[in-house]
Every structure is written in C-alpha cells, then in structure tokens.
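Secondary and tertiary structure notes
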Amino acid sequence: MAGQHDERQFPRREFLVKTLQLPCSAAVVTVLGPLALGSDAAEASQGDSKTAERYFGMGIQVDKCIGCGKCVEACKAENDVPREPFYFRTWVERYVIHNDGEVSVDSPEGGIRGFPREEREGDVLRSFFVPKLCNQCDNPPCVQVCPVGATFKTDDGVVLVDSDYCIGCRYCIQACPYGARYLDPRTNTADKCTFCYHRITQGLLPACVEVCPTGARIFGELNALASPLRRLMRKSSLQVLKPALNTEPKVFYSELDGEVR
Amino acid sequence: MEQHLERLQSAVEQISGFIYPNEIELHWGLLVVLYPYITGLVAGAFILASLEKVFKVKELEPTYRLALLTALAFLLVAPLPLLAHLGHPERSFEIFLTPHFKSAMAMFGFVYAWYLMLVLLLEIWFDYRADLVKWGEKAGAFKKLLYWVITLGSRDLSPEAVEFDKKAVHTITLIGIPSAFLLHGYVGFIFGSVKANPWWSSVLMPIVFLFSAIVSGISLVLLIYYVTTLVRRKQPDMACLDKLASFLLYALIVDFSLEILDFIHRLYESEESIGILSELIVSKLYISLTIVQILIGTISPLLMLAYSRFSRLPTELKRVAYFIAALLVQVGIFGTRWNVVIGGQLFSKSLRGLTVYKLELGGIEGLLTSIGLLILPFLILYILIKLLPPWPEASLAASESAAASGTTAD
Amino acid sequence: MLLVLRGRFVPASFGETGHYRADAVDVVAAQPLRYAGWQVCVECHDSEGAMKSRSFHRTVSCEVCHGPAAAHAEDVESQTPLIPRERGAECLSCHEYLSPRPTGFPQIIERLHNPLQACIGCHDPHDPTPPEVPESCSACHAQIARTKAVSHHLTLECETCHDARAEHRENPRSFLPRKPTAREFCGGCHSENADSPADIPRVDLRDHGERYLCWQCHYPHHPES
C-alpha cells in the first residue's frame, strides 16, 4: 500500500522540487555565485536518496500498544533527554472515545510512568494507545525552515539536528506539525528523535523498539524486500499522521483511528 | 534553568484539553512580538516618506525627512529582539555564511541588509548630502569633521550635482517602495508559510502584515511629528496633519477589511481547526483580540479619525483627536502582533487543547528588556535628529534664509 | 569580502552531502549506547535467553525489566542491572488492567489478584505461563474468603454449600460452580429440627421470612450482617 503510494508521489514531488529549485538556483547563482554552488549540487544529489540502499522507517501497530511507557523511559535513558516532563523524543497518548462520541486524550508525563485507570471507565465506546515520535518526514517542514542548515535529512532518510551549529531560533519547532521537537534547556538548541541514529548505524534497533514488550514498534529499512517492516507494509493497511500536510512521514501506523491527530 | 522548569510546571496546571507534551513550552515570546511590530513601523514610515517623493503629496513634506530618520532608527533596532531571542546569538553570523535558501528566515539577513544599506542609508545620504556640506561649513571643528565623514568627502554643490542627488533620491524611493513591501511582506510570510499552524498559515498573512505596517508607520510618524513640533514650540502644519490622518484612515480601512476578510474566510471554510480556533478567540485571546485589537485599536480610531477629519471641529480639538487616534492605533497594532505571534502558539497542533503564555518581568525574554528595546529607537532617533535636523526650515539647501532660525530652533 | 569570510568560517565539511555539516552526522552517530540489546545479554545469560525465547515473554527484551545494561555488558563486575523482585511497577506497568489495552492481553486487577504476594512467587518472569491451577478457592475468590474468615461461617468449607467441579479450577467460566437454590438447604443446619450442633441459631422455616429465600436477607459469607 504505502510502497505504491510512495511511487505515485515521487514524480510529482520531484517535479515540484525541481521547478522550485530552478528559479531559486538561477537567482542564487547569479547573485551570490560560488556561495550557493556547493549546497545546490548536494541537494540535487539528495533527491536520489530515496532509492538509497538504507532508507529507514518505522511501523507502529496501534492495536498492540499496551501503554506501558517503557519506550518513553528507554528513549530518555538512551538519549539523555531531560527527565522533566516537557521534553520528549517519543511519548504515548491515550485516546478514549466515550459512548456519546466525546473524545478525551491524555498523556500524563508523556506516559513514562504508564497510565492511571480512566475516570469514566464504564462509559467507553473504544479506547487505545498511540505512541508518537518524530515522523522522520521525507518532506520535512523543519528542515525546510532551518535558516542555517543545522537540521537536515541524511542519505538514509533520518532527520537530524546539528547541535553545534543550531542557532536556537526555534523556527523548526514551530514548523513541526507533530510537536516532535523541543528546545534542550541545557544546550539551548533544538532536539528531537534521531531514530537512535547511533544505534541503527551499528545494526542495533532504536531503544524504543528494543524495549517494546509487545512488538508494537517495528523498525527497518523501507527498501529491504525481506524485513519485518516490509512484511507489515505488505500485510496491513497503513496510515500516516496528518497526511494532508504532505510531509510524507516515514513512521507508518496500522489500525490507526481517525480521531488520532 | 530551575526557574524555567518551575514556570513550565505551573503552566501544566493551566492547560485545558490535550496538548502534545513538548508544547508546554511556548517558544516565541514577547521579543518575537516586537520584531514584526518594529519592522512594521520601519516599512510603514518609509512608505509614508515615499508618498511625498514619488506620489508628490506636497502636504507631507514636513514629515518626509522625519519619516526617513524614524525608519532608520527603528530599522537599527529591528534585529535586536531577534538576536536576543536566539538560543545561540553568537552563532547568528551563520545565517550569512550558510543561508538555507529554502528557509524563509534565512532571507532575513539579506532583506535586512538590502533595505538598510541600499535603500534607507543611500536615500538619506543623497537627500542630506547638500545640507551636510553647508552645515559643515558653519559648524565647529568636531561637527565639521563628523559631517565631512558622513558626506564621504563628496562636496560638490553645483546645480548639476544637487540635481543628481534629487534624481538619485527619486530612483531609490522607486526601488524602496517594493523593498519596504518586501521587508514586511516577508515578515508576514515567515508566519503565513507555516503550514503546521492553522492560525498562521494563510496566504493573506503577508498582505495583512503589510497594511498593518503602513497603518502603524503613518500613525507613528504622526505621533512623532506632533510631539516634536510641540517640544520645539512650533505650530504643527495642519494641512500635513490632515493629510496624515486621511492616509491613516484609508490604510486603517483597508487593513481592517483584509482582517475581516481573513476572519470570514476561515469561518466560512470551517476547516478542521475551526473548533479550537473559535475556543481560542473566545477564551485566551478575548481581551487582546476583541477588546484591544478590534475595539480599542481599530474601531475607535476609525470612528475618531472619520469624524474629526470630515467634520468642522476646532483645529485644536482635531489635533488632539488625531493624536489619540494614532496612539490607539499603536496599541491596536501591537495587539495585532501579539495575537499573531502569541495567539498562534496558544493552541495545540493536536487541535485538542489550549496552553498559556506567562510573561516574565525580568530576564532576557522579559517585559523590561522589551520596554528597553522599544525606548532604544527613540534614543537613536533623538541622536539622528540632533545630527541631521529633519525640519524643512533647517535645510540650507532648500532655503538659505531660514537657515539661522532652523538650526537654533532645534 | 563575503567569500573570504565564508572560506574562513564555514565549517570544512559543510555542503559535502547536503546543506549541512557532514561531520554532524558522525557526531550524532558517536553518541554512547545505554541499551546493549538482548543479543548481547544472551551471550552470557544463555539459559534465561533460551527459556524466554520459548515463553509468552519471547518478544520482551531483557532490558525491558532489567533496565539499560550496556554499562553492565562493558563491566560485569561493578555495574549490576536491575533485578526487580518486589510486587510492583515492573510487572504491573504492562499487566494491570486498563481498558485501552488490547483484548486478550493478560491483565489483572492488582487490588484483587493475590494481594501482597510477590508476582515472581507464582510466575517466572522468564516463562510467565500461569504455573498451575490454583490450590484453593481463595486464590481467585480472595475477597469472599476474607469475608468468610471473619464470619460465623469461617469453619465451613466452600464445598459445603457450593458444588464446584474440578474443571472449574482450570476453566472457571466454562464450569460454573452451583449455588444452593432452596430454603431447605439452609434449613439443613438452621431449622428447628435440624441434626446439627446445639449452638447454631435455629428458626422455624414455616413462619420465618415466609416466601423469601434466605440469602435475600442474609449474606451467606457473612451471615450476621
């Protein structure tokens, strides 16, 4: 499903990018000459990276999440994320749809300590947990708005932050539709999920995937033909968050409810 | 940092509904409210100045140089709130070294430099050059040197040279108008292009910003002109004030119409976000939007200006009415900036809840810093006025005879 | 001038692979590990690993319960991982009942499930299959057992009144125990002419309570209330 979706999208996206780049780079080359050449050439080559050998993504099976919060805990421990409940690279939300159709959502401390019993337990139409994290968009609005190139998409599709280069303007935080970014109070730079880049480049799983007790999170390479992620993509109908914004997330959800935003 | 965390903790208790956990911290505070407010004043003041040059509105001549200096004074301060708000101001030079051409914000440095260097400074230089030469001849040693430095040694006072100055000013103004549009339209684009934020994301945003900029610039120059004439114990030029008030009224009408269009459009389209935005307007933004921006800042001055402009009020009363209206407009425009910048961050991108903004008193993001940054352009303007008297009677090149009274009057 | 400045101050690796510092990728990738991954754990703890891999907990990685253990893997002597033994959060964060949890996922209500007993007393976390059928009724019906224990009926076995077949212990819902259905059953001890010890309270079944059943007024597990 999603594979097909991607292939259909690709030419249009490429077209858009190219058309936008044309006048832009023309203006840039004439005005600023060599200043832009390096970056422009590099960005052109970046366009091909979708077909790169390693291209990472994640699948989340909503119906398997038990809301234990182990992923949130592991993420904070692995990545030295501030312990205070205002800074999360990943968190878990609980959705409760009541009999009258009212939806209540909560995520106490990001779900790091699990969830208390809900108050209106007898009055539940359906309820479920949804783990959230940076969607590692293929068309990342945060990268688009960064004025200095301190946040970027690597060749393997992961969006990273260069904390030694970030000026702390927080435009990327405003531009992220998913609330996945925060300003690290210790460094005054933007920070976010890296898919545990230091782990996946060593062949390990991201910490949240490693500790998920029910296997609700599946990590892998989107282009590998035989991988648990690919298997999930074959078997389930997948959705992404806020598809209308055309961010092309690489975190895919199965069994996602329409109420999730 | 401890304090910071405590503040966030107390904000948690005031959240209504659900927000993403990272959204508890509100990232763009009062300093970022100041930035579009100040750049708006710059753009507006410049556009007012160009009315006199390009569109030959002769009544506005007394405010031409004043408007230019005002624009310069505020433009010099404009980047300071941004700089102060950065997490790493010492790295801000990166924006010039490795600007990301797809980022709206990366263009700030270039738009700013273009406007400051190529438009404002050049126009002021050409406009004042002849006067500077003449003032230099009469001044003491220190000032003489200073004026000589400012003229960059260009001392030709032949009619051809003065004519060239005039032509140059005219050309620069022609370039300057689109530049001023660019400067503030661009600021609107910074907000309007954030697709993640339904309160900001609107194609009308740059245009609304532009017209509110014109409104704020005209009213600021009106205020400064009125106050400076009083301080100099001169009689304000009533034709000029009337013209300013008329332009302010027209700009205000266009601005308000655009905002109403935006409002009706949102309401009529009634997208996914309409629920939470309605809740925002009737709760957290009620005072700053409905009361301050619309009632106090738009409708009251609109009525006051319309009435006093087209009725037979005594001149004294008229002037006071203009003054109060212009003051209210400033309050209203500040409210507009607040409602855009802060309002856009008070609701969750999950569209399920509202958060709070807590203004601090001290600290770099605090109220005192911002007040300081608002006073600073007036200090700069004071120095500029001392150095480059903008009053028509001070211009030696224009009329040799009025020279003596002009320089002493200041 | 801009070019000179640029050449001087722009980081060397900027723009090599895109509009960013290529070196930044290595900086992020060099971050130290905290979670070693279960593959590292089972290199030494092979028996636990083998046991777990055949159990219901086969998808549960070691560090879910034992905490981040990369430091332990580096230095086995001085760094010991968590070994949760108490009844508490480690088990309950997954197994306490919450309505959003998927149907079929094993959940308990902690308050009612063998209170005060350590989880690992009955369940081996490396092979958490419910160990055996409960020995006594109180394993499941703890609340009733506690109530009965402070009542005058404390000496009575559950089977005195309930006919519970052995299968009920394995499949409680499929084989429901029977309850008394008639007044005469209570009368077996409490009627005027019953053959029971003399200190048991007696009533005349013909005029006591008339057409009501006994347990409509008396709670059999705590009859004096």
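None of the values given here were measured: they were computed from a predicted structure.

1. Comments concerning the pattern of salt bridges
Charged atoms that come close allow side chains of opposite charge to pair. Tallied over the entire structure, the rule returns 34 salt bridges over all chains. Among the salt bridges present, the one from glutamate 360 of chain B reaches arginine 7 of chain B, with a minimum N-O distance of 3.5 Å. In this pair, glutamate 360 of chain B sits in the loop between strand S2 (353-354) and helix H14 (367-387) while arginine 7 of chain B sits in helix H1 (residues 2-12), placing the two residues 353 residues apart along the sequence. Since its relative accessible area comes to 28%, arginine 7 of chain B is described here as partly exposed. The shortest N-O distance in the salt bridge between arginine 91 of chain B and glutamate 90 of chain B comes to 4.0 Å. For arginine 91 of chain B, a relative accessible area of 14% gives the class buried. A network of salt bridges, in which partner residues are shared, links Asp100, Glu102, Arg120 and Asp123 of chain A.

2. A short note on the sheet that holds strand S9 (residues 217-221) of chain A
Residue and element names in this part refer to chain A. Ordered in space as S9-S1-S11-S10, the four strands form an open sheet in which the pairing is mixed. The open sheet has two edge strands with one neighbour each: S9 and strand S10 (238-239). With five bridges joining them, strand S1 (residues 56-61) and S9 adopt antiparallel strand pairing. Bridge assignment links methionine 58 to a residue of S9, and that residue is phenylalanine 219.

3. A short note on the side chain of lysine 70 of chain A
Within the secondary structure, lysine 70 of chain A sits in helix H3 (residues 70-79). Setting aside residues up to four positions removed in sequence, lysine 70 of chain A forms contacts with Val211 of chain A together with Val64, Glu90 and Ser93 of chain C.

4. What to know about the interface of chain A and chain C
On the chain C side, the residues contacting the 55 residues of chain A number 42 residues. Contact between chain A and chain C buries roughly 3,900 Å² in total, counting both sides, with carbon and sulfur atoms accounting for 59%. Interface area lost by chain A to chain C is led by Ile66, Arg117 and Glu210 of chain A, which between them contribute 15%. Viewed at the interface, chain C and chain A are joined by three salt bridges. Looking at the side of chain A that touches chain C, the elements that each hand over two or more residues are helix H2 (34-46), H3, strand S4 (126-133), strand S5 (151-153), strand S6 (159-161), helix H6 (197-200) and helix H7 (207-211) of chain A.

5. Looking at the confidence of the model for chain C
Residues with a pLDDT of 70 or more make up 95% of chain C, whose mean pLDDT is 86. Confidence, expressed as mean pLDDT per element, reaches its minimum in chain C at helix H1 (residues 2-9) of chain C with 71 and its maximum at helix H5 (residues 62-66) of chain C with 95.

6. Some words on the nonpolar core
Ranked by size, the top nonpolar core spans 136 residues in total, and within it Tyr171 of chain A together with Tyr115, Leu120 and Phe191 of chain B carry the most contacts. Element by element, the count of residues in this core is highest for helix H2 (residues 30-54) of chain B, at 17 residues. Apart from residues lying up to four places away in sequence, leucine 120 of chain B is in contact with Phe46, Leu68, Ala71, Leu72, Leu75 and Tyr115 of chain B. Membership of the second largest hydrophobic core comes to 48 residues, among which are Phe56, Tyr95, Phe115 and Leu133 of chain A.

7. Some words on the packing of helix H6 (residues 108-138) of chain B against helix H8 (residues 159-192) of chain B
All names here are of chain B. It is the contact of H6 with H8, at a shortest axis distance of 8 Å, that shows an interaxial angle of 155°. Here H6 lies roughly antiparallel to H8, going by the angle between them. Here H6 and H8 pass one another in a crossing that is left-handed. In terms of residue class, the contact of H6 with H8 is made up of 20 nonpolar, three polar and four charged.

8. Topic: the interface of chain A and chain B
Chain A puts 60 residues into the contact, and the matching count from chain B is 47 residues. On the chain A side of the contact with chain B, Phe86, Gln174 and Arg261 of chain A bury the most area, a combined 19% of that side's loss. Counting across the chain A and chain B interface gives two salt bridges. Among the salt bridges present, the one from arginine 261 of chain A reaches glutamate 272 of chain B, with a minimum N-O distance of 3.4 Å. Counting across the interface, chain A meets chain B through 30 residue pairs in polar contact (both at pLDDT 80 or more). Here the side of chain A that touches chain B is built from residues that sort into 34 nonpolar, 14 polar and 12 charged.

9. Describing the environment of lysine 284 of chain B
Residue and element names in this part refer to chain B. One can find lysine 284 in the loop between helix H11 (274-282) and helix H12 (286-310). Lysine 284 sits in the partly exposed class, given a relative accessible area of 31%. If sequence neighbours within four positions are ignored, lysine 284 has contacts with Gln14, Glu279, Leu346, Leu354, Thr355 and Val356.

10. Some details on the packing of aromatic side chains
According to the stated counting rule, one finds 28 aromatic pairs over all chains in the structure shown. Note on tyrosine 87 of chain A and tyrosine 182 of chain A: the rings are 5.7 Å apart at their centroids and 65° apart in plane angle, and the pair reads as edge-to-face. With a gap of 95 residues between them, tyrosine 87 of chain A in the loop between H3 and strand S2 (90-97) and tyrosine 182 of chain A in strand S7 (residues 182-184) connect regions that are remote in the sequence. Here the two residues tyrosine 87 of chain A and tyrosine 182 of chain A agree in accessibility, since each one is buried. Both rings, one in phenylalanine 152 of chain A and one in tyrosine 20 of chain C, keep their centres 3.8 Å apart while their planes meet at 5°; by these two values the pair is stacked. Note that phenylalanine 152 of chain A is positioned in strand S5 and tyrosine 20 of chain C in the loop between H1 and helix H2 (22-29), a pairing that runs across two chains. Comparing phenylalanine 152 of chain A with tyrosine 20 of chain C, the two get one shared label, buried. Taken together, the ring pairs in this structure connect Tyr171 of chain A together with Trp28, Phe191, Trp200 and Phe209 of chain B into an aromatic cluster. Across from the ring centre of tyrosine 64 of chain B, 4.3 Å away, lies the NZ or CZ of lysine 53 of chain B, which sits over that ring. The ring of tryptophan 391 of chain B is capped by arginine 232 of chain B, whose NZ or CZ atom sits 3.7 Å from the centre of that ring.

11. A few points about unusual backbone geometry
Most peptide bonds take the trans configuration, and most residues that are not glycine carry a negative phi. All names here are of chain B. Despite not being glycine, arginine 233 shows a phi value in the positive range, around 55°. Phi is positive for leucine 351, which is not a glycine, with a value near 55°. Along the polypeptide, leucine 351 turns up in the loop between helix H13 (315-341) and S2. We classify leucine 351 as buried; its relative accessible area is 13%.

12. A closer look at a positive patch on the surface
Residues and elements named next belong to chain A. Taken together, the side chains of Lys64, Arg231, Arg234 and Lys235 make up a positively charged region of the molecular surface. Counting through the fold element by element, arginine 231 comes out in helix H8 (residues 228-235). Judged by relative accessible area, which is 48%, arginine 231 ranks as partly exposed.

13. Describing the sheet that holds strand S3 (residues 103-106) of chain A
Residue and element names in this part refer to chain A. A sheet is described by the order of its strands in space; here three strands give the open sequence S3-S2-S4, paired in antiparallel fashion. Because the sheet does not close on itself, it has two edges, and the strands there are S3 and S4. The average angle at which neighbouring strand axes cross in this sheet is 20°, direction not considered. Strand direction decides the pairing type here: S2 and S4, joined by eight bridges, are antiparallel. Within S4, the position partnered with tyrosine 95 by the bridge is phenylalanine 128.

14. Describing a nonpolar patch on the surface
All names here are of chain B. Taken together, the side chains of Leu80, Leu83, Leu361, Leu368, Ile371, Ile375, Leu376 and Leu379 present a nonpolar region at the surface, about 680 Å² in accessible area. Of all elements in the fold, only helix H4 (79-85) and H14 reach the threshold of two or more residues within the nonpolar patch. A total of five residues in the nonpolar patch trace back to one element, the largest contributor, which is H14. By the element assignment, isoleucine 375 lies in helix H14. You can call isoleucine 375 partly exposed: its relative accessible area is 46%.

15. Details of the packing of H8 of chain B against helix H9 (residues 205-231) of chain B
Residue and element names in this part refer to chain B. H9 packs onto H8 with a crossing angle of 135° between their chain directions and a minimal axis gap of 7 Å. Viewed along their axes, H8 and H9 adopt a mutual orientation that is oblique. The chirality of how H8 crosses H9 is right-handed. Counted together, Ala180, Phe181, His184, Gly185, Val187, Gly188, Phe189, Phe191 and Gly192 of H8 and Met205, Pro206, Phe209, Leu210 and Ala213 of H9 form the full contact between these two elements. Taken together, the residues of the contact of H8 with H9 sort by class into 10 nonpolar, four polar and no charged.

Cut-offs used in this document
- Residues numbered from 1 in each chain as written.
- Chains lettered and ligands numbered in written order.
- Predicted model: local features only at pLDDT ≥ 70, side-chain atom pairs only at ≥ 80, totals over all residues.
- Heavy atoms only, no water.
- Salt bridge = Lys/Arg side-chain N within 4 Å of Asp/Glu carboxyl O.
- Helix = DSSP H or I, 4+ residues; strand = E, 2+ residues; numbered from the N terminus.
- Buried < 20%, exposed > 50% of the residue type's maximum accessible area, 1.4 Å probe, protein only.
- Pairing = 2+ DSSP bridges.
- Contact = heavy atoms within 4.5 Å.
- Buried area = accessible area lost by both parts, 1.4 Å probe.
- pLDDT = per-residue confidence, 0-100.
- Core = buried A, V, L, I, M, F, W, Y, C linked by side-chain atoms within 4.5 Å.
- Axes fitted to C-alpha atoms, helices over the stretch in contact; angles between N-to-C directions.
- Parallel < 35°, antiparallel > 145°, perpendicular 65-115°, else oblique.
- Left-handed = near helix turned anticlockwise from the far one by under 90°.
- Nonpolar A, V, L, I, M, F, W, Y, C, P; charged D, E, K, R; others polar.
- Polar contact = N/O pair within 3.5 Å; in protein donor to acceptor, adjacent residues only side chain to side chain.
- Phe/Tyr/Trp six-rings, centres within 6.5 Å; stacked < 30°, edge-to-face > 60°.
- Lys NZ or Arg CZ within 6 Å of the ring centre and 35° of its normal.
- Patch = residues over 30% accessible without salt bridge, like charges linked within 9 Å, V, L, I, M, F, W, Y side chains within 5 Å.
- Areas by Shrake-Rupley, 256 points an atom, 1.4 Å probe, with all protein chains shown as cover.
- Lys, Arg positive; Asp, Glu negative; His and termini not counted.
- Charge placed at Lys NZ, Arg CZ, Asp CG, Glu CD.

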